[in-house]
Amino acid sequence: MAYPLIANVTRSGREKEPNVNAAVRVLVVDDDPLVRAGLAMVIGGSSDLTVVGEAGDGSEVAAAVDAYAPDVVLMDIRMPTLDGLAATEQLRARPDPPEVIVLTTFDADEHVLRALRAGANGFLLKHTPPAEILRAISRVAAGEPILSPTVTRQLIAHLSDIGAAARQRHATTALDQLSGREREVAIAVGRGKSNAEVANELFMSVATVKAHISRILTKLNLNNRTQIALLAHDAGLTS
């Protein structure tokens, strides 16, 4: 069952006034209490992040998000009642959803790729060093990618090619809806570039890059830049 780790969380937290100086609010979802405790300890050591709650199963996530208003959810893939994939799909279908980082034991995992396609922003191995976990949460909260092009290619290469042709057709059709400049930004995102790197490569401001990404998400009905990257990969435009 989900429970709060700090006392001043209100159920209307999703409507709280934005505070750029506030710590990033994290919800930890894993059916193993030891994993949850370990992650809470790691995150608790950062002044920029705070664990606002925990959940032991995907079936508890929706209520936990309503109660604790996290910015980022660390989501285990395999849980007994409702797995992390289904929970991620449900979360990303909500208005103003939190960002999702998938937790997994194996990097070449079909469930991970499915979760990314469902709207997760990235994934972390459970044995990832603490400093990298903190860095990944902060990057996702800031709208930056945590998947390098190498990791993405390795993940896709290790998995089945079933449906690859259909995905390529879908991706090509989707990207054809973009303007030339939006397409360039999408390809750069697919190559794992940060906003600053895209701006430098395409000779535009970071604000312009962000505006293009926002338009791409709206046009293609996507949740985040990871899904943009996967579309670019599926279309064969990132090699």
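Going along each chain's sequence as written, the residues are numbered from 1 onward. Whole-chain, interface and lining totals are the exception, using all residues; otherwise, since this is a predicted model, local features are given only for residues with pLDDT of at least 70 and side-chain atom pairs are given and counted only at 80 or more. Neither water nor hydrogens contribute to the side-chain values; these are computed over all heavy atoms in the structure.

**Re the overall build of the chain**
Counting from the N terminus, the helices are DSSP H or I runs at least four residues long and the strands are E runs at least two residues long. Secondary structure summary: the chain contains eleven helices and six strands in total. The buried share of the chain, reckoned over its 239 residues, is 46%. Across the chain, every contact between residues at least 6 apart in sequence was considered, and the portion connecting residues at least 24 apart equals 70%. All accessible areas in this document rest on Shrake-Rupley with a 1.4 Å probe, and a residue is counted as covered only by the protein chains that are shown. When the accessible surface of the chain is split by element, carbon and sulfur atoms take 54% of a total near 11700 Å². Exposure categories follow from relative accessible area, calculated using a 1.4 Å probe and restricted to protein chains: below 20% of the type maximum is buried, above 50% is exposed, and the middle band is partly exposed. Between two residues, a contact is recorded if the distance between any of their heavy atoms is within 4.5 Å.

**Thoughts on the nonpolar core**
In this structure, Leu27, Val29, Val61, Val73, Met75 and Leu91 are the most contacted members of the largest nonpolar core, which totals 28 residues. Elements that contribute at least two residues to this core include exactly β2 (24-29), β3 (49-55), α2 (61-68), β4 (72-76), α3 (84-92), β5 (99-104), α4 (110-118) and β6 (122-125). With residues near it in sequence (within four places) discarded, Val61 still touches Val29, Met75, Ala87 and Leu91. The definition of a nonpolar core used throughout is a set of buried Ala, Val, Leu, Ile, Met, Phe, Trp, Tyr and Cys residues joined through side-chain atoms within 4.5 Å. Grouped together as the second largest cluster of nonpolar side chains are 22 residues, Ala174, Leu175, Leu202 and Leu217 included.

**What to know about the UniProt feature "modified residue: 4-aspartylphosphate" (unreviewed entry) in the chain**
UniProt positions are given in the numbering used here, feature names are shortened, and annotations may be inferred rather than shown by experiment. According to UniProt, the feature "modified residue: 4-aspartylphosphate" (unreviewed entry) maps to Asp76 in the numbering used here. Tracing the backbone shows Asp76 in strand β4. On the basis of relative accessible area, Asp76 is assigned to the buried category, the value being 4%. When residues no more than four places from it in sequence are discounted, the contact partners of Asp76 are Val29, Asp30, Asp31, Gly84, Leu103 and Lys126.

**Some thoughts on the packing of helix α10 (residues 206-220) against helix α11 (residues 225-234)**
Where α10 meets α11, the closest approach of the two axes is 10 Å, and the angle between their N-to-C directions is 75°. On the basis of their axis angle, the class for α10 and α11 is roughly perpendicular. Contacts from Ile213, Ile216, Leu217 and Leu220 in α10 reach Arg225, Ile228 and Leu231 in α11. When residues are sorted by character, Ala, Val, Leu, Ile, Met, Phe, Trp, Tyr, Cys and Pro go into the nonpolar class, Asp, Glu, Lys and Arg into the charged class, and all the rest, Gly among them, into the polar class. Residue classes in the contact of α10 with α11 are distributed as six nonpolar, no polar and one charged. Angles run from 0 to 180 degrees between N-to-C directions of axes, and those axes are lines fitted to C-alpha atoms, restricted for helices to the stretch in contact. Any angle that falls under 35 degrees is termed roughly parallel, while one over 145 is termed roughly antiparallel, one within 65 to 115 roughly perpendicular, and all others oblique.

**Considerations on the pairing of β3**
Among the seven residues of β3, six are classified as buried, and the element is accordingly described as predominantly covered. For the handedness criterion, the β-α-β arrangement of β2, helix α1 (residues 33-44) and β3 is classed as right-handed. With the strands aimed away from the viewer, a crossover counts as right-handed if its path from the first strand over the helix to the second runs clockwise.

**Regarding the pattern of salt bridges**
In the sections that follow, a salt bridge refers to a side-chain nitrogen of Lys or Arg positioned within 4 Å of a carboxyl oxygen of Asp or Glu. Under the defined criterion, the tally for this structure stands at twelve salt bridges. With a shortest N-O distance of 3.1 Å, Glu54 and Arg36 are connected by a salt bridge. You can see Glu54 sitting in strand β3 and its partner Arg36 sitting in helix α1, a full 18 residues away along the chain. The residues Glu54 and Arg36 share a single accessibility class, namely buried. For the salt bridge of Asp66 with Arg94, the shortest nitrogen-to-oxygen distance reads 2.5 Å. Of the two residues, Asp66 is situated in helix α2 and Arg94 in the loop between α3 and β5; the sequence distance between them amounts to 28 residues. Of the residues examined, Arg94 reaches a relative accessible area of 26% and is grouped as partly exposed. Connected through salt bridges with shared partners, the residues Asp30, Asp76 and Lys126 form a single ionic network.

**Description of the pairing of β4**
Burial within β4 is extensive, with five of its five residues counted as buried. Both faces of β4 are covered, namely the face carrying Val72, Leu74 and Asp76 and the face carrying Val73 and Met75. For two strands to be treated as a pair, DSSP must find no fewer than two bridges joining them. Sheet topology places β2 next to β4; four bridges connect them, and they run parallel. Counted as the bridge partner of Val28 is Leu74 from β4. Pairing between β4 and β5: five bridges, direction parallel. The residue bridging Val73 from the neighbouring strand is Val100, located in β5. Considered for its hand, the β-α-β crossover made up of β4, α3 and β5 is right-handed.

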